[in-house]
Amino acid sequence: MISRQPRIVVIGAGIIGSAIAYNLAIRGADVLLVDEGHKPGSGVTGRAFGWINVINGTPGETSYALWREAIAEYQRLKVALPEALSLARAGSLLWRATSQETEQLADLHLRADEDVELLKSDVVAELEPCLRRVPECAVFSRNDLALDPAQLAGTFVTTAVAAGASARFDEKVAAIETASGRVTGIRFSGGTVEADVVVMASGSGIKGLAGGIGIDTGIATSPALLLRYACSVPVINHILRGSRLEVRQASDNTLIVAKSYVEDGAENGPQMLGERTLAVMRDELDLPDDVMLTSADIGNRPIFGDGLPRLGFLPQVGGLYVAAGHPGVILAPLVGRLTAEEILDGRRTELLPSPK
Ligand SMILES: Cc1cc2nc3c(=O)[nH]c(=O)nc-3n(C[C@H](O)[C@H](O)[C@H](O)COP(=O)(O)OP(=O)(O)OC[C@H]3O[C@@H](n4cnc5c(N)ncnc54)[C@H](O)[C@@H]3O)c2cc1C
């Protein structure tokens, strides 16, 4: 039994660990955030598209209720920490290969009581004058957000530190230390830090850290590709997801595209896919001549077999907490609050099963 405040170490300053550190720190907890990268969002968070939505969820599935709650948490964040979302853009337009499929998509989400609307082509053309092939109809999901996930992680960390948390970067955690079935701290190459609670929010790095103390969390990774294109002028106003393209434009006009990725030789490597995607974009959008590919990065998304995130104390080692899962950017603010509530108040969420 600990009579003083628990010393909490959070491993990983991706979007998940940063949100957890923020939620713990604003409640006055003793928290240290550690990352092997040199700034927040150095892992897959820095390669995420940044689409906050439920329109890509499927009403009726277990994960759907969680997504809805996660979106509601973003609304709370807007009030609690307005600077976190100051650059976020609202709204997305989606359409499928046929109008019938697009209508079905709208219908599915309208029946789930979401704030979506089926727009006719003339309205779509007005919203997005750059479209060269305006679909007959598109679903407008007006409350979706597009944001920079690494920047959001940075705001969480800055606010956590201002509230009294410590943060250490460029420090890789080599191992989690345990004694008599409990965590006692973490080990770096240069020494150890004592802790009563260790939160593994290290994304794909959880496998190695947990494996080091004989625990298989079941975490796996799934690659996806993030393409960035320099562009000199504003071109699109919302996230666009058509049958051939998923694209948004950042506040500095960079065009950002997310794609699924399967390793399949140089012809289908990141660079070549990036160039081919630019040809598709030119076909779909009126782009200035100067648009060019600036980066093509593969990100390894931490994911579990059932698609659901994991959040909670592991039964094998006292004080060891795991927080990971897909889609991490959507879930992060909610995961941050739920984790703080479980660690500080002993209140467990019913939204998710406990980790095994
Ligand atoms: C192309 C692409 C598009 C995506 N689009 C979206 C989207 O639109 N919306 C969405 O919600 N999700 C999206 N995702 C998924 C999203 O990126 C992830 O779910 C999320 O970023 C996971 O965050 P994380 O904090 O768990 O992991 P990470 O960001 O990987 O953070 C883990 C951190 O732990 C650190 N770390 C690891 N091991 C150690 C160690 N031993 N010691 C110290 N530090 C360590 C790493 O440096 C890293 O910073 C996308 C992913 C990709 C690749």
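All values reported here derive from a predicted model rather than from experimental measurement. Per chain, the residues get numbers from 1 upward, laid out in the order the sequence is written. Totals for whole chains, interfaces and linings use all residues, but because this is a predicted model, local features are given only for residues with pLDDT of at least 70 and pairs of side-chain atoms are given and counted only at 80 or more. By convention in this description, side-chain values take in all heavy atoms of the structure and omit both hydrogens and water.

Novice: I'd love a proper account of helix α2 (residues 62-80), names of residues and values included.
Specialist: Residues separated by three or four positions in an α-helix point in the same direction, a consequence of the helix having 3.6 residues per turn. Put simply, DSSP H or I for four residues or longer makes a helix, DSSP E for two residues or longer makes a strand, and each gets a number counted from the N terminus. To estimate the expected span of a helix, subtract one from its residue number and multiply by 1.5 Å. If you check α2, its first and last C-alpha atoms are 28 Å apart, about what 19 residues at 1.5 Å a residue would give, namely 27 Å. Among the residues of α2, those classed as buried are Tyr64, Leu66, Trp67, Ala70, Ile71, Glu73, Tyr74 and Leu77. Along its buried surface, α2 packs onto α1 (15-25), β3 (51-52), β6 (137-146), α5 (149-162) and α8 (328-345). Throughout, exposure labels follow a simple rule: accessible area from a 1.4 Å probe, protein chains only, divided by the maximum for the residue type, with under 20% read as buried, over 50% as exposed, and the rest as partly exposed. Here, two residues are considered to be in contact whenever any of their heavy atoms come within 4.5 Å of each other.

Novice: For the environment of Leu225, give the residues involved together with the corresponding values.
Specialist: Checked against the element boundaries, Leu225 lands in strand β12 (residues 220-230). In this structure the C-alpha to C-alpha distance between Leu225 and Ala25, which are 200 residues apart in sequence, comes to 33 Å. Among residues more than four places away in sequence, those in contact with Leu225 are Val257, Ala258, Lys259, Tyr261, Pro270, Leu273, Ala296, Asp297 and Ile298.

Novice: Give a description of the nonpolar core that names residues and reports values.
Specialist: In this text, buried Ala, Val, Leu, Ile, Met, Phe, Trp, Tyr and Cys residues form a nonpolar core when linked through side-chain atoms within 4.5 Å. In terms of nonpolar packing, the biggest core is built from 51 residues, with Val10, Ile20, Tyr74, Leu77 and Val199 touching the most fellow members. Residue assignment for this core shows that the elements contributing at least two residues are β1 (7-11), α1, β2 (30-34), α2, α5, β11 (197-200), β18 (320-324) and α8. Per element, the largest residue contribution to this core is nine residues, and it comes from α8. Those residues in contact with Val10, other than ones at most four positions away along the chain, are Gly17, Ile20, Leu24, Val31, Leu32, Leu33, Val34, Val199 and Ala201. Within the second largest apolar cluster, 28 residues are counted, among which are Cys231, Val247, Tyr261 and Met281.

Novice: Could you give an account of the site of the ligand, with specific residues and numbers?
Specialist: The nearness test applies per residue and asks whether one of its heavy atoms lies within 4 Å of the molecule or strand. Taken together, the neighbourhood of the ligand is formed by 35 residues, with Asp35, Thr45, Val173, Gly328 and Ile330 sitting nearest. By the criterion applied in these results, polar contacts are pairs of N or O atoms within 3.5 Å in which, for protein atoms, one can donate a hydrogen and the other can accept it, and in which residues neighboring in sequence qualify only through two side-chain atoms. Here a nitrogen atom of the ligand sits 2.8 Å away from a polar atom, N or O, in the main chain of Val173. A distance of 3.4 Å separates an oxygen atom of the ligand from a polar atom in the backbone of Pro327. For the ligand, whose free accessible area comes to 1000 Å², the fraction covered by protein is 94%. Those elements that place two or more of their residues in the shell around the ligand are α1, β12, β16 (292-303) and α8. Ten residue types, Ala, Val, Leu, Ile, Met, Phe, Trp, Tyr, Cys and Pro, are classed as nonpolar, four, Asp, Glu, Lys and Arg, as charged, and the remainder, Gly among them, as polar. The residue inventory of the shell around the ligand, partitioned by class, reads 16 nonpolar, 13 polar and six charged. All domain edges in this entry derive from an automatic or database-based domain assignment. Mapping the shell around the ligand onto the domain boundaries places at least three of its residues in each of domain 1 (7-49 + 150-219 + 304-345) and domain 2 (89-143 + 222-302). We get accessible surface area from the Shrake-Rupley algorithm with a probe of 1.4 Å; when it comes to residues, only the shown protein chains can shield them.

Novice: If you had to explain the pairing of β1 to someone new, which residues and values would you point to?
Specialist: The element β1 is largely enclosed, with a buried count of four among its five residues. In this structure, β1 lies alongside β2, joined through five bridges in parallel fashion. The partner of Arg7 across the bridge, within β2, is Asp30. For crossovers, right-handed means that the path from the first strand over the helix to the second runs clockwise, given strands pointing away from the viewer. In this view, the connection linking β1 to its parallel neighbour β2 by way of α1 has right-handed handedness. The pairing criterion for strands is at least two bridges between them, as found by DSSP. For β1 and β11, the ladder comprises four bridges, and the chain directions are parallel. Within the sheet, the bridge partner assigned to Val9 lies in β11 and is Val198.

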